[in-house]
Each structure stands twice: as C-alpha cells, then as structure tokens.
Amino acid sequence: MTESPRTSGLRSFVARRLLLGAAQTVAVVLLVFALTEALPGDAAVALAGDQPDPARIAAIREAMDLDRPAYERLADWAVGLTRGDFGTSLASGRPVSQYLGDGFGPTLLLASLTLALLVPLGLGLGVLAARHEGRPVDRLVSSVTLAVYAVPEFALGVLLVTVVALKLAWLPPTAVGHGTDLLAHPAVLVLPVLVLLSRPVCSLSRLVRAGMVDALAAPYAAHARRCGVPGARVRYAHALPNALAPAVQQLARTADWLLSGVIVVEALFVIPGLGTVLLNAVAERDVPVVQGLAVVFGVLTVVLNLGADLVAHRLTPRAAVAA
C-alpha cells in the first residue's frame, strides 16, 4: 500500500526534528561544560575555606579531577550522563541525582498546577475576547491582561505576601516548615501558583484572541457563514483550531519556564524545588550540581519545544510545505 504524501511529509518532519533535538542536546552538554570550565576563580580554593592549606587544596583538586585535562573530564562526564550519573556533590558528597530528585517534585507540582489552570483560563479568556471583538468585554479583557502582564513576578509576589499573607493572614507567606510534601499543605501553594499564573495566562489569552480574530476574518470563515454554518461551529470547529498551533508552542515555552525558570518565585516563597537547589549550589560553588541542573534544564527545553513543534505541525498540516 502506497504511503500518502501527508503521512510521508509528517514522518520526514518528525525525523528532521528528532535529529535536530539530538544535536541540540549534545550542544547543551558541551556548552554547560565549557561555561562551568570558564567560571572565574579556582573551585578547589573556594571549597578549601577562608584560610586554605596547600595540601587541602591539592587534595580537593585531585578529588575533583581538576588535575586531569579538560577533555578527559568532559568524556567521563558525558559517558556518565548517558547512564544517568550526574556526578557527586562537592559540598555534601551526595549524588547529584538525589538533589535533582528532591527538587524536581515541588517544581513539577507547581508547574502542573499552573498549567492545569492556565489552559482553561487562557483559552477561555482568548475565546471570550475574540467573540466580542471591539466591544466592552474585549476591551476589558485586553486591558486587564495587559496591565497584569506588565507587573513582574517578584513585585506581584511581594504584594501578595504583604497583603494576603501578612496583613490579612489568609494564607501562609512561605513554605517554611512544610518540607517537600506540599500537597499535604495546599494552602502554601496558592500564592506561588497565582504568581506563576499571572503573566502566562495574559500572553496565552492574547495569543488565542489574535489567532481567532484573524481566522474569523479569513475568507473561508465568511464563506462558511454564507453557507449557513452556525456561528458557534465556525468559531470552535474552524477558527479555534487555527489559533491552537501558536498557543501550543506558547504552552511549551511556558512549561519550560515553569520547570527551569521559577528561581525567583521559589526563592520568594521558599519552595524547596529545583530553583532553590540551583541557588544553593551556586552559593556553595558546587559545580557538579550546577552542571547537572543546567543539563536537565537544557534537555527539558529541547524536548518541550520538540513536542510543541510536532503538535503544532499536526494541528496545521499546511506547515509541512514550509518544513
């Protein structure tokens, strides 16, 4: 049975994107190693304390393999990554994978809750604004989303902590004392999720609105209405799918940011996630932990954007022509 051109084009697109993703992952590993090698100062001296002893510095350099050529250390580290071995923390002697495992749970929980609220809110507000284009509802949604988007996460977080947590005492200001099992204390998640949700829901709703407005103004939508197709079907069966492709890519960027870029929010609310682990590792100059986190963040970015490209290509098969 002959393969259809559409199926053949999709397989070719998937193969190219998988090869590009593999190349990007290799580039991430090389870049992370190069950047950590280029850090100023001597890690062995920094770990030796305020009054370093030459013998202690030499022992630390030997333990860190700093007395070996960089290409040998890179080869050993890369081979270890293929086995899931991210190395050992210099500060505690624990495997770096344990740090990643401890911090990934709270970060994943925050990201999942934010995305679970973001999708219906962002799509709903975007569709509502597009349906009432140019009317007061549209202007209200656009104005509010623009105003909220202009507020930085840190400023909004400080405001919520000051008013809601400290002044009104409705919610706990931080997660201090609650450990890593944040689901057992859902109240500590409310303010961080609100801060994380604030800007993405604005950008997603405005993106969906713009996509639907363009689709509803297209000739095929006007032809469908002339043929008697109900307005709801034109909006949701024809216009909305055309707005979903860029929305999916925006969701991928948001998920990437939630998993690897929430350092400010985690620091503000003392959430023991990956952002906090990274801050502590940088403060202690724990290079293996920093390298492991950077690789994880880089690979997550590659994988999420690859998945978003595949979904967007599936939603808009016409992209195969450009691909």
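These numbers were taken from a predicted model, which means no experiment stands behind them.

## Some points on the pattern of salt bridges
A side chain of one charge can pair with a side chain of the opposite charge if their charged atoms are brought near each other.
Point 1. Counted by the stated rule, this structure contains 3 salt bridges.
Point 2. The closest approach of N and O atoms between Arg-209 and Asp-138, which form a salt bridge, is 2.8 Å. In this pair, Arg-209 is assigned in helix α8 (residues 187-216) and Asp-138 in helix α6 (residues 136-149), connecting sequence segments 71 residues apart.

## So, the packing of helix α5 (residues 96-131) against helix α12 (residues 274-283)
Point 1. With their axes 7 Å apart at the nearest point, α5 and α12 run at an angle of 140° to one another. Here α5 is positioned oblique relative to α12, judged by the angle of their axes. Two secondary-structure elements touch here, α5 through Tyr-99, Leu-100, Gly-103, Phe-104 and Thr-107 and α12 through Leu-274, Gly-275 and Val-277.
Point 2. Across the contact of α5 with α12, the residue classes break down as 5 nonpolar, 3 polar and no charged.

## Points about the confidence of the model for the protein
Point 1. Taken over all residues, the pLDDT of the protein has a mean of 79, while the share at 70 or more is 87%.
Point 2. Highest mean pLDDT in the protein belongs to α6 (90); lowest belongs to helix α14 (residues 319-322) (40).
Point 3. This stretch, residues 318-323, has a pLDDT under 50; its non-local contacts, to residues over four places away or in other chains, come to 5 contacts.

## Quick look at the packing of aromatic side chains
Point 1. One pass over the structure, following the stated rule, counts 0 aromatic pairs.
Point 2. Geometry around Tyr-149 places Arg-199 over its ring, the cationic atom sitting 4.3 Å from the centre.

## Quick notes on unusual backbone geometry
Point 1. Its identity as a non-glycine residue notwithstanding, Ala-169 has a phi of 55°, on the positive side.
Point 2. Positionally, Ala-169 belongs in the loop between α7 (153-167) and α8.
Point 3. Residue classification places Ala-169 among the exposed residues on the basis of a relative accessible area of 58%.
Point 4. Although it is not a glycine, Val-270 sits at a positive phi angle of roughly 50°.
Point 5. Within the secondary structure, Val-270 is located in the loop between α11 (263-269) and α12.
Point 6. Judged by its relative accessible area of 39%, Val-270 falls in the partly exposed class.

Rules of the game
Residues numbered from 1 in each chain as written. Predicted model: local features only at pLDDT ≥ 70, side-chain atom pairs only at ≥ 80, totals over all residues. Heavy atoms only, no water. Salt bridge = Lys/Arg side-chain N within 4 Å of Asp/Glu carboxyl O. Helix = DSSP H or I, 4+ residues; strand = E, 2+ residues; numbered from the N terminus. Axes fitted to C-alpha atoms, helices over the stretch in contact; angles between N-to-C directions. Parallel < 35°, antiparallel > 145°, perpendicular 65-115°, else oblique. Contact = heavy atoms within 4.5 Å. Nonpolar A, V, L, I, M, F, W, Y, C, P; charged D, E, K, R; others polar. pLDDT = per-residue confidence, 0-100. Phe/Tyr/Trp six-rings, centres within 6.5 Å; stacked < 30°, edge-to-face > 60°. Lys NZ or Arg CZ within 6 Å of the ring centre and 35° of its normal. Buried < 20%, exposed > 50% of the residue type's maximum accessible area, 1.4 Å probe, protein only.

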